[in-house]
Amino acid sequence: APNTGRTLGCTSVREELARRCEEKDETDFDCEEDFGQREKLSDRIRSLLSGYNDRFDVFTEHWQNSDDAGAESLSFVLDYRSYPTDSLVDPRATCLQGPALLLASSKPLSDEDVSRIQQVGNSQKRLKFESAGRFGVGINCLYSVAECPTFLANDALHIMDPLHRAVTMKPEKGQRERTGRKFRSKKLSEDFPDMLKPFDCDLLTSFPTIFRLALGEGYSNG
């Protein structure tokens, strides 16, 4: 069984290939670039979401962030399709391949933007949109739509997985918790091409930044 193998210190071919998809290019010396929001998240996110009672908050937040970034255009797409699951970095990532809401922006993300997305923010209050700044605490309203938000930007697929449902594992005692993973698009296209197919939408080919919110197995267009 996979868990028994991990306990014995073994790794699978899939896991090794997935790890390589996280590596930087050959000019960098670091083995991996860690990605994920960096606090214990379940209670914090639940507290943050209590301030988002309007179903349109996720659209408002996307518009505000895109406007702050100087984007000239943005797009919202409700994709009813399901995508192949034969070549995924983790078998559990099947949950990301179904119908989803896509939020796109014409403005590429900066390194600072990605850093802000990884900050959980202040759980004591919901910041106002006009004072939150680009990718402030409001980015966490994505969790009101999807348990595992993903975004494609800067030639990488970023997967936010605080509940360990898709690509991260609950930490063993003494280990640091990982709450997300970042995979290089070029290497994914070679080893796990199905991971990128949900972003291959004709309506979004000109957008460099795409957030994808998988709607879950129980979703239907009815």
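Residues numbered from 1 in each chain as written. Predicted model: local features only at pLDDT ≥ 70, side-chain atom pairs only at ≥ 80, totals over all residues. Heavy atoms only, no water.

Q: Go over the overall build of the protein chain, please, and point to the residues and values.
A: For the protein chain, the helix and strand inventory stands at seven helices and six strands. Starting at the N terminus, the α and β elements of the protein chain follow one another as α-α-α-α-β-β-α-α-β-β-β-α-β. When the 222 residues of the protein chain are sorted by exposure, 44% land in the buried category. When contacts within the protein chain are restricted to residue pairs at least 6 apart in sequence, those whose partners lie at least 24 apart make up 74%. For the protein chain, the computed accessible surface area is about 12,100 Å², with 49% contributed by carbon and sulfur atoms. (Helix = DSSP H or I, 4+ residues; strand = E, 2+ residues; numbered from the N terminus. Buried < 20%, exposed > 50% of the residue type's maximum accessible area, 1.4 Å probe, protein only. Contact = heavy atoms within 4.5 Å. Areas by Shrake-Rupley, 256 points an atom, 1.4 Å probe, with all protein chains shown as cover.)

Q: Account for the pairing of strand β1 (residues 74-79), with residues named and values stated.
A: Across a regular strand the side chains alternate sides, sitting on one face of the sheet and then on the other. Alternating residues of β1 divide into Ser 75, Val 77 and Asp 79, all buried, and Leu 74, Phe 76 and Leu 78, none buried. The pairing of β1 with strand β2 (residues 100-105) spans six bridges and is antiparallel. Residue pairing across strands places Asp 79 opposite Ala 100, the latter belonging to β2. (Pairing = 2+ DSSP bridges.)

Q: Lay out the environment of Asp 113 with the relevant residues and their values.
A: By the element assignment, Asp 113 lies in helix α5 (residues 111-117). Residue Asp 113 is classed as buried on the basis of its relative accessible area of 2%. The spacing of Asp 113 and Asn 65 is 48 residues in sequence and 9.7 Å in space, taken between C-alpha atoms. A distance of 3.0 Å separates the side chain of Asp 113 from the backbone nitrogen of Ser 110, its partner in a polar contact. (Polar contact = N/O pair within 3.5 Å; in protein donor to acceptor, adjacent residues only side chain to side chain.)

Q: Talk me through the side chain of Ser 87; I want residue IDs and the actual numbers.
A: Relative to the helices and strands, Ser 87 resides in the loop between β1 and β2. If sequence neighbours within four positions are ignored, Ser 87 has contacts with Asp 191, Phe 192, Pro 193, Asp 194 and Met 195.

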